[in-house]
Amino acid sequence: MANVTFRQASCTYPGAPRPTVNQLDLEVRDGELLVLVGPSGSGKSTVLRMLAGLEPLSSGELRVGDLDVSARDPGERDIAMVFQNYALYPHMTVGENMGFALKLAGVSREERATRVREAAQMLGLEALLERKPKALSGGQRQRVAMGRAIVRKPRVFLMDEPLSNLDAKLRVQTRGEISSLQARLGTTTLYVTHDQVEAMTMGHRVAVLAAGVLQQCDSPRVLYARPANAFVAGFIGSPAMNLLKVPVGPAGAMLGGVRVPLAPSTLEAAQGLTELTLGVRPESFELAADGFRLDIDSVEELGADAFLYGQLMLQEGPAPLVVRVDGRAPPAAGSAVNLRVRQGEVHAFHPVTGLRLG
Amino acid sequence: MTHASLLRPRRLVTYVALLLLTFAYLAPLLWMLSTSLKSDAEAVSSTPHWLPASPTLQGYTSVLSAEDAPVLRWFLNSLLAASLQALLVVATAAPAAYALARLELPGRKVLLAVVMSTLFLPPVTFLAPSFLLIGWLGWLDTLWAVAIPGAASAFGVFFLHQFFRSLPRELEEAAALDRASPLQVFWHVVLPLSKPALATLALLSFLTNWNDFLWPLYVLLSADRLTLPAGLSQMQSSYTIHYPAIMAGAVLASVPVLVLFLFAQRHVIEGVSRTGLKG
């Protein structure tokens, strides 16, 4: 067990114009499952590979526990990784795959067999130990990859989009299994995904990365309720938060000709600005006769909820808007509704920097 | 496939063309086999026959019992030399190719280019220097002279280099995280996964050596030290036009090749297509 600390850690690929990971400061606490999430190209997998020792740091420091591992070989870091495509050794059986690291470490045959059996039991793989990877289903391969990591009892687990090759149903099931396994073993885990639902459901804390820069790292609840900037606001939540450039005055922001009251701290932070980026989640609208009018272009019915899609006329032109309503009697496409923002459920961001106001 | 689709005009043209091509390739082999079963008289008859009128094994018995032509000895010599060379080529090319494909070495690309540039030299240019070297080593008229010079193969390095680069890198990374040293990664992960390519290279090396004619003729002098192709060529002069015996020798020379291909066919096709050298 150990905590992991990135201190001003950067990674620049040779010939790249800018760093793929830029001055990352991040701590994974002892026993924590921290999920690293971001769009493709955000550098999240590179962060993982830096920790694994597969990509060198171009500057900064990387610690596992008290040990500076920045310059150590992958094998000297006591870290196990689950690869996106599992990277099982095709010529070895499941048992040999799981015991390979122990064999290299000189662990006796009996002890190896015991530990492989323990891990196999935990993952329900006992019946498959003699099989080769190509004779396994996707879900089974995924579990073998997990097993290979567990057997070693490493200080840190790394998981690189381990569920992305599974079908939707299996993904949900495996998500739960990984979470409970991690809780049981208590091994510090860094988990990379581009799927924000995975991030929100699995992570004790979630770190959001964009263009190689850490945007925010906090509990899923805080990320959702108080996003630090417009990027996090738009990335976390599905459908995404509505982000609208609107005029602002001392009395609040104006949305579709209707005043939206802002918290005093927000107004204070917005002093001197004539406009700001207003963030409203789809579920933060309510129907109200005195609200602004939205013409509905299309309706997505999901059963319990329905999402209304329309265009809102703003100063800069029309902006798309998504609104969640009760799914039992949604308005039809082509009709119009009057809406207002629920009290206190509004986010405001700086129009240029995107940073949260107040 | 139904008979109707088999007989569609375009298909028909394709099949006829393929059959003709197959025949063009097979004809010399069939002729060799046929002649080996003929009598001396029939072999030189003015109207050639595809099928021997009265098949006889005379050619085989005479080639196997000829006192000045120890064909079995030559066969064994060829087998030894070609097998040894095939083993050595794989043993030297695999580590070299892996180092050039994956290890972080300064000047790696230059090194690969130098190795590959030797492929463009005509093989004949090596005859004299190799001969002098073999003489200096005292290996003239020994099997070492036939097995060793080709044992470090630039083609082998290139071929395996391409193959190793096509292996998924994650496997080697996973092994590195499992605390495997580069040598252990090579031994426990890369080599087992490369069996098709290694088999292909071994086979190609074996065949090159097996069929080589000029070099053994240079360095092997005593009658009982010759390899099969070199020996058979000597027979031609001493036996003037004793065709059935020569063809019987050629059939014997082809048998190992055909047997090897039969067993290794699947591996070879896989090995060649995976290295992207197809066609």
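Because the structure is a prediction, the values reported are computed rather than measured.

Q: Can you help me understand the interface of chain B and chain A in this one?
A: How large an interface is tends to be reported as the accessible area lost when its parts come together. Residue-level contacts link 15 residues of chain B with 22 residues of chain A. Both faces considered, chain B and chain A share a buried interface measuring about 1700 Å² in area, 63% of it formed by carbon and sulfur atoms. Three residues stand out in chain B for area buried against chain A, namely Leu177(B), Asp178(B) and Arg179(B), and they jointly supply 42% of the buried area on that side. Taken together, chain B and chain A are joined by three salt bridges. In this structure, Glu173(B) and Arg49(A) form a salt bridge, with 2.7 Å as the shortest nitrogen-oxygen distance. Inspection of the chain B/chain A interface yields nine residue pairs in polar contact (both at pLDDT 80 or more).

Q: In this structure, what is going on with the sheet that holds strand 17 (residues 317–326) of chain A? I would like to understand it.
A: Hydrogen bonding along the main chain pairs the strands of a sheet, whether they run parallel or antiparallel. Residue and element names in this part refer to chain A. The strand order across the open sheet built from four strands is 17-16-15-18, with neighbouring strands paired in antiparallel fashion. The sheet terminates laterally at strand 17 and strand 18 (336–341), the two strands that pair on one side only. Each adjacent strand pair in this sheet contributes to an overall mean axis angle of 50°, direction not counted.

Q: Hey, could you run me through the packing of aromatic side chains in this one?
A: Centre distance and the angle of the planes are the two values used to describe a pair of aromatic rings. Under the definition given, this model contains 14 aromatic pairs over all chains. Considering the side-chain rings of Trp31(B) and Trp50(B), the 5.2 Å spacing of their centres and the 85° angle between planes classify their relative orientation as edge-to-face. In this pair, Trp31(B) is assigned in helix 2 (residues 9–36) and Trp50(B) in the loop between helix 3 (40–43) and helix 4 (58–65), connecting sequence segments 19 residues apart. On the accessibility criterion, Trp31(B) (32% relative accessible area) is partly exposed. Exposure remark for Trp50(B): the relative accessible area of 44% places this residue in the partly exposed category. Plain terms: the ring middles of Phe206(B) and Trp210(B) are 5.6 Å apart, the flat faces sit at 15° to each other, and that makes the pair stacked. Taken together, the positions of Phe206(B) and Trp210(B), both in helix 12 (residues 195–211) and four residues apart, correspond to about one turn of that helix. This pair shows no difference in class: Phe206(B) is buried, exactly as Trp210(B) is. Counting every residue linked through ring pairs, the aromatic cluster contains Tyr98(B), Phe163(B), Phe164(B) and Phe186(B). Taking NZ or CZ as reference, Arg148(A) lies 4.7 Å from the ring centre of Tyr89(A), over its face.

Q: Which parts of the structure should I look at to understand helix 1 (residues 44–52) of chain A?
A: When you tally the buried positions in helix 1 of chain A, you get eight out of nine residues, the bulk of the element. By the burial criterion, the buried members of helix 1 of chain A are Lys44(A), Thr46(A), Val47(A), Leu48(A), Arg49(A), Met50(A), Leu51(A) and Ala52(A).

Q: In this structure, what is going on with the sheet that holds strand 4 (residues 59–64) of chain A? I would like to understand it.
A: All names here are of chain A. Taken together, four strands build an open sheet; the order of strands is 2-1-4-5 and the sheet is antiparallel. Of all strands in the sheet, those with a lone pairing partner are strand 2 (21–28) and strand 5 (67–68), marking the two edges. Bridge analysis of strand 1 (residues 4–11) against strand 2 gives five bridges, and the strand direction is antiparallel. Bridged to Val-4 within strand 2 is Val-28.

Q: Please clarify how the environment of Ser40(A) should be interpreted in this entry.
A: All names here are of chain A. Among the secondary structure elements, Ser-40 is positioned in the loop between strand 3 (33–37) and helix 1. With a relative accessible area of 71%, Ser-40 lands in the exposed category. Ser-40 sits 250 residues away from Asp-290 along the chain, and the two C-alpha atoms are 42 Å apart.

Q: I'm lost on the state of the cysteines in this one. Help?
A: The bond known as a disulfide is covalent and runs between the sulfur atoms of two cysteines. Taken as a whole and judged by the stated rule, the model has zero disulfides over all chains. Here Cys217(A) is not disulfide-linked; the sulfur of Cys11(A) is the nearest cysteine sulfur, at 20 Å.

Cut-offs and rules
Residues numbered from 1 in each chain as written. Chains lettered and ligands numbered in written order. Predicted model: local features only at pLDDT ≥ 70, side-chain atom pairs only at ≥ 80, totals over all residues. Heavy atoms only, no water. Contact = heavy atoms within 4.5 Å. Buried area = accessible area lost by both parts, 1.4 Å probe. Salt bridge = Lys/Arg side-chain N within 4 Å of Asp/Glu carboxyl O. Polar contact = N/O pair within 3.5 Å; in protein donor to acceptor, adjacent residues only side chain to side chain. Pairing = 2+ DSSP bridges. Helix = DSSP H or I, 4+ residues; strand = E, 2+ residues; numbered from the N terminus. Axes fitted to C-alpha atoms, helices over the stretch in contact; angles between N-to-C directions. Phe/Tyr/Trp six-rings, centres within 6.5 Å; stacked < 30°, edge-to-face > 60°. Buried < 20%, exposed > 50% of the residue type's maximum accessible area, 1.4 Å probe, protein only. Lys NZ or Arg CZ within 6 Å of the ring centre and 35° of its normal. Disulfide = S-S within 2.5 Å.

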